[in-house]
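# Analysis of the macromolecular model
Residue-level listing of the chains:
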Amino acid sequence: MPSQKVTVATLAALRARGERAVLITAYDYPTAAFADRAGVDALLVGDSAAMTMLGLPSTLGIGMPEMLVFARAVARAAARALVIGDLPFLSYQPADEEAVRNAGAFLQAGCDAVKCEGGARVARRVRAMTDAGIAVMGHLGLTPQSAAQLGGYRVQGKSLAAANRIVEDALALEQAGAFAILLEAVPAEAAAYVRERLRVPVYGIGAGPELDGQLVISHDVLGTFVGNINPRFVRRYAEIGAAIEGAIRCYAADVRAGGFPGPEQCYPLPPEGEAEIRRARRPAAPAPS
Ligand code: KIV
């Protein structure tokens, strides 16, 4: 694992050497710092923040102002990992100039690259951003911003014809200068078929192991997602949510029983002050027992 800052060139070199890259989402300073120390190659400030951080029902309700707050926090923590800002719904679809300005805002917030959803139909936007010197990752397969158009959160690329449509979209993005493609919810064999036809790294979330790397949503692997969505591709590596709830229950029980704060959490008085204050104390209301 290289110790210098990861760049898009580092990711290309990993693919060339047949080494898998590790990507995870992060939206806040502590998670990004822990993931960076753990040696991940890239941190995605995903628009999944709408659901993981804001409790919204889909990614459609988050905009640039909220995304930039999350992006700044993550970029501040990332000493090594490449930081990718996820362009939210309507931040790039309407016009090339809007795409360039919003992608540029992510770079000004400290990100190294951006990601946007869609294939041939956004290739012009991707070209506009890459022409402006911005590194862009494409996102194909299940693209949550267009879930309604896809008929819901459905697995994509389930036939050769469907896999070939993903290949065409991926090639359009590659030709527009995208440095990598992310495939979401695509059967493993179809995803491998897409990867074989591209030169840039292809990463997956729910797209099987035969790719250049994997992305996971931090809340999924850490057990901090609050909600009922449970995609097949999630593997839980910790139960941090349950640990948080358990710790707060213990704290609440201690407060209610008068066990917190204890003497070790209280500031001592100097002896002369203690005597003075003791004499002067006259509680207006009885102290809780
Ligand atoms: O926003 C995000 O976290 C994403 C992943 C689900 C791919 O785009």
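Preceding this paragraph is the structure being described.
Read on for a plain summary of the structure. (Residues numbered from 1 in each chain as written. Predicted model: local features only at pLDDT ≥ 70, side-chain atom pairs only at ≥ 80, totals over all residues. Heavy atoms only, no water.)

The next thing to look at is the overall build of the chain. On a plain count of helices and strands, the chain comes out with twelve helices and eight strands. Along the three orthogonal principal directions, the C-alpha set of the chain runs to about 85 × 40 × 35 Å. Of all 289 residues assigned to the chain, the portion counted as buried reaches 47%. At a minimum sequence separation of 6, the contacts of the chain that also span at least 24 residues come to 61%. (Helix = DSSP H or I, 4+ residues; strand = E, 2+ residues; numbered from the N terminus. Buried < 20%, exposed > 50% of the residue type's maximum accessible area, 1.4 Å probe, protein only. Contact = heavy atoms within 4.5 Å.)

Right, let's talk about the sheet that holds strand 6 (residues 180-184) for a bit. Judged by pairing direction, the barrel is parallel, and its eight strands sit side by side in the order 1-2-3-4-5-6-7-8 before closing back on the first. Neighbour-to-neighbour, the strand axes of this sheet turn through a mean angle of 25 degrees, independent of strand direction. Note: strand 5 (residues 136-141) against strand 6, five bridges, orientation parallel. Considered in strand 6, the bridge of Gly141 is made with Glu184. Along the sheet face, helix 4 (residues 64-77) touches strand 2 (42-45) and strand 3 (82-86) and points at about 160 degrees away from the line of strand 2. (Pairing = 2+ DSSP bridges. Axes fitted to C-alpha atoms, helices over the stretch in contact; angles between N-to-C directions.)

A volume near 1200 Å³ is recorded for the largest pocket. Residue lining of the largest pocket: 49 residues in total, with Ile205, Ile217, Asp220, Phe233 and Val234 positioned closest to the centre. Those elements giving two or more residues to the lining of the largest pocket turn out to be strand 1 (21-25), helix 2 (29-37), helix 3 (49-52), strand 4 (113-117), strand 6, strand 7 (202-205), strand 8 (213-216) and helix 10 (218-222). The element best represented in the lining of the largest pocket is strand 1, accounting for four residues. Along the lines of polarity and charge, the residues of the lining of the largest pocket split into 29 nonpolar, eleven polar and nine charged. (1 Å grid on protein atoms, 1.4 Å probe; cavity = no way out; pocket = protein on both sides within 12 Å on 5 of 7 lines; lining within 4 Å. Points joined across faces, edges and corners; volume = space filled by probe spheres on them. Nonpolar A, V, L, I, M, F, W, Y, C, P; charged D, E, K, R; others polar.)

It is at 9 Å that the axes of helix 8 (residues 160-175) and helix 9 (residues 188-196) come closest, and there the two elements cross at 40 degrees. Relative to helix 9, the crossing made by helix 8 is right-handed. Every residue of helix 9 that contacts helix 8 at Leu160, Ala163, Asn164, Ile166, Val167 and Ala170 is listed here: Ala190, Tyr193 and Val194. (Left-handed = near helix turned anticlockwise from the far one by under 90°.)

Before going further, it helps to examine helix 2. Every buried residue belonging to helix 2 is among Ala32, Ala33, Ala35 and Asp36, and all of these are buried. What you see down the axis of helix 2 is that its buried residues fit within an arc of 165 degrees, all on one side. In helix 2, the exposed residues that point more than 90 degrees away from the buried face are Phe34 and Arg37. Where helix 2 is buried, its residues meet strand 1, strand 2 and helix 4. Measuring from the side-chain oxygen of the N-cap residue of helix 2 to the backbone nitrogen of Thr31 gives 2.8 Å; that N-cap residue is Asp28. Immediately downstream of helix 2, the backbone of Gly39 shows phi near 95 degrees, a positive value. (Arc of directions from axis to C-beta. Polar contact = N/O pair within 3.5 Å; in protein donor to acceptor, adjacent residues only side chain to side chain.)

The step from Phe260 to Pro261 runs through a cis peptide bond, and the omega angle for that step is -5 degrees. Note that Pro261 resides in the loop between helix 11 (240-257) and helix 12 (271-280). The backbone of Leu90 sits at a positive phi, close to 70 degrees, despite the residue not being glycine. As for its placement among the helices and strands, Leu90 is situated in the loop between strand 3 and helix 5 (96-108). If you check the backbone angles, Ala185 has positive phi at about 55 degrees while not being a glycine. Mapped onto the fold, Ala185 is located in the loop between strand 6 and helix 9. Since its relative accessible area comes to 10%, Ala185 is described here as buried.

Only one face of strand 8 is buried, namely the one carrying Gly213 and Leu215, since none of Gln214 and Val216 on the opposite face is buried. Relative to strand 8, strand 1 is paired through four bridges, and the arrangement is parallel. Its bridge partner lying in strand 8, Val22 is registered against Gln214. In this structure, strand 7 lies alongside strand 8, joined through two bridges in parallel fashion. Its bridge partner lying in strand 8, Gly204 is registered against Gln214.

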